[in-house]
Amino acid sequence: LDGSLPTISDPKTKEALLEAARIIRETEDTVAFPTETVYGLGGSSLNDKSVLSIYRAKKRPSDNPLITHVSSIDQLNRRIYEDSSSSGDSLLKNIPHSYHALISKLWPGPLTILLAVPLSGIKTLSKLTTGDQPTFAVRIPSNPVARALIALSDTPIAAPSANASTRPSPTLASHVYHDLKGRIPLILDGGACNIGVESTVVDGLSQPPSLLRPGGFTYEQIIALGGSDWTDCKVERRETVGETEKVRTPGMKYKHYSPSAKVILLVPNTDGTSSSRRIERLKEIIEDECTSQQEVVKTIAILTSSRLNNKPLKDLLHLKSDIKIVVESLGSSGEEIQANLFATLRKVDETEKVDLIVVEGVPEVDEGLAVMNRLRKAAAGSAVPF
Ligand code: TXA
Ligand code: MG
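- For the protein, the name recorded in an unreviewed UniProt entry is Threonylcarbamoyl-AMP synthase, with Torulaspora delbrueckii as its organism.
- According to the UniProt record, the Catalytic activity (unreviewed entry) comment for the protein reads "L-threonine + hydrogencarbonate + ATP = L-threonylcarbamoyladenylate + diphosphate + H2O".
- Under Sequence similarities (unreviewed entry), UniProt gives the following word-for-word description of the protein: "Belongs to the SUA5 family."

See below:
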């Protein structure tokens, strides 16, 4: 977590990274870049106009604060706290003790922590990144392209996910292009994001500490690795809150991860229902939906995970012959399902243009907590026991 610069051997990669770093450092514009979680839309956290460019490109409400990405703790101290005296262990001196174990074990990586807005550094960190909160969110990503970009620009980078506001987060450069083409000057294409959901957001400033957004690190990992401060960590379980309610994570009150098609989430229960009864149930859910929807449902995507994987669903369902069914497996392990989630939602919605998406949910443990958090939002209330 020191501040050393990366060595980049491929000349094309180097040229692209230097151009992206120049945009961040010298202009008020934005750059989309890969991280290990999802693609981010970055601009300087130190410049109000850059931050405004981010909100504008995404059409994001400006009271939803942004995560600042740094490449090292040294950079956080120098560029946000204006503190150049730190060295060795004292690098962590602006960071509350409750975070020390998490930082040493989980950074760089998909962990975002909240820090108090620095009083002395308030001149440098744009207030527009904090959406009126008394805190700012920060993380050190592990993706090498992200880290190189932040280090080369030597600028803390404010970056929300690089989707148009309300859409599923992008895990491929082509998703960013789909949503933001013509609105941003540059996308760095680093291939698929390997984690596939956003970072875990934790608040170690409140007592007891809380997990505000489940993400790339699981709740179980936070509890196991965070040290004694985190053993009674609370999980924020509310999916949405009212427009005017003051909350610790303003992102909660907005529509999220929404494909154009309606999404129905099948929430797994443990009542021992037989597999054939479950298929009957799925058929009923689909038929009900086809008769109750105003518009004619012609194409339905079924996204499967554990219970429905490997079943010849099209044959078992015996639906009316004019309904086309597209079956996509999200994967078998929690990590696979997490990595495929947004890309599969986008594929059936944007490419196949289905009218209805039925998703088989997973138990809410390990990666399942983050997966179900995103799916409940995508389904916006259409969740049925399964
Ligand atoms: O993995 C990620 O975190 C990605 C990549 C690009 O790093 N970024 C991301 O940013 O997901 P965004 O803006 O889509 O989500 C940030 C979340 C929002 O729910 C926001 O409300 C919350 O973090 N947040 C940001 N600053 C906060 C603060 N000071 N207090 C509470 N919540 C905050
Ligand atoms: Mg987002």
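### Observations concerning the pairing of strand β8 (residues 210–213)
In step 1: As paired strands, strand β7 (residues 200–203) and β8 are joined by three bridges and run antiparallel to one another. Along β8, the bridge assignment pairs Asp203 with Ser210.
In step 2: Taking the residues that link successive antiparallel strands as the turn, the β7-β8 hairpin has six residues.
In step 3: With helix α7 (residues 219–225) bridging β8 and its parallel neighbour strand β9 (residues 234–235), the resulting β-α-β unit is right-handed.

### Some thoughts on the UniProt feature "binding site: ATP" (unreviewed entry) in the protein
In step 1: Those places that UniProt annotates as "binding site: ATP" (unreviewed entry) correspond, in this numbering, to Arg60, Asn64, Thr135, Ser161, Ser169, Arg213 and Tyr257. Judged by maximum C-alpha separation, these annotated positions cover 198 residues in sequence and are scattered in space, the widest gap reaching 24.9 Å.
In step 2: Along the chain, the position of Asn64 falls in the loop between α2 (48–58) and β3 (67–69).
In step 3: Assessed through the 17 C-beta atoms surrounding it within 10 Å, Asn64 is described here as partly exposed.
In step 4: Topologically, Thr135 is positioned in strand β5 (residues 135–139).
In step 5: Sequence-distant contacts of Thr135, defined by excluding residues within four places in its chain, comprise Leu114, Leu115, Ala116, Val117, Thr130 and Leu205.

Criteria and thresholds
- Starting from 1, residues in each chain are numbered consecutively following that chain's sequence as written.
- For this description, chains carry letters from A and ligands carry numbers from 1, given in the order in which they are written.
- pLDDT decides what is reported in this predicted model: residues at 70 or higher carry local features, side-chain atom pairs at 80 or more are listed and counted, and totals for whole chains, interfaces and linings draw on all residues regardless.
- UniProt positions are given in the numbering used here, feature names are shortened, and annotations may be inferred rather than shown by experiment.
- Any two strands with at least two DSSP bridges between them are considered paired.
- Strands are runs of DSSP state E lasting at least two residues, helices are runs of H or I lasting at least four, and both sets are numbered from the N terminus onward.
- By definition, the crossover connecting two strands over a helix is right-handed if that path, from the first strand to the second, turns clockwise as seen with the strands pointing away from the viewer.
- Here the C-beta atoms are placed from the backbone, and a residue counts as buried if at least 20 other C-beta atoms lie within 10 Å of its own, exposed if 12 or fewer do, and partly exposed otherwise.
- A pair of residues counts as a contact when their C-beta atoms, built from backbone coordinates, are separated by no more than 7 Å.

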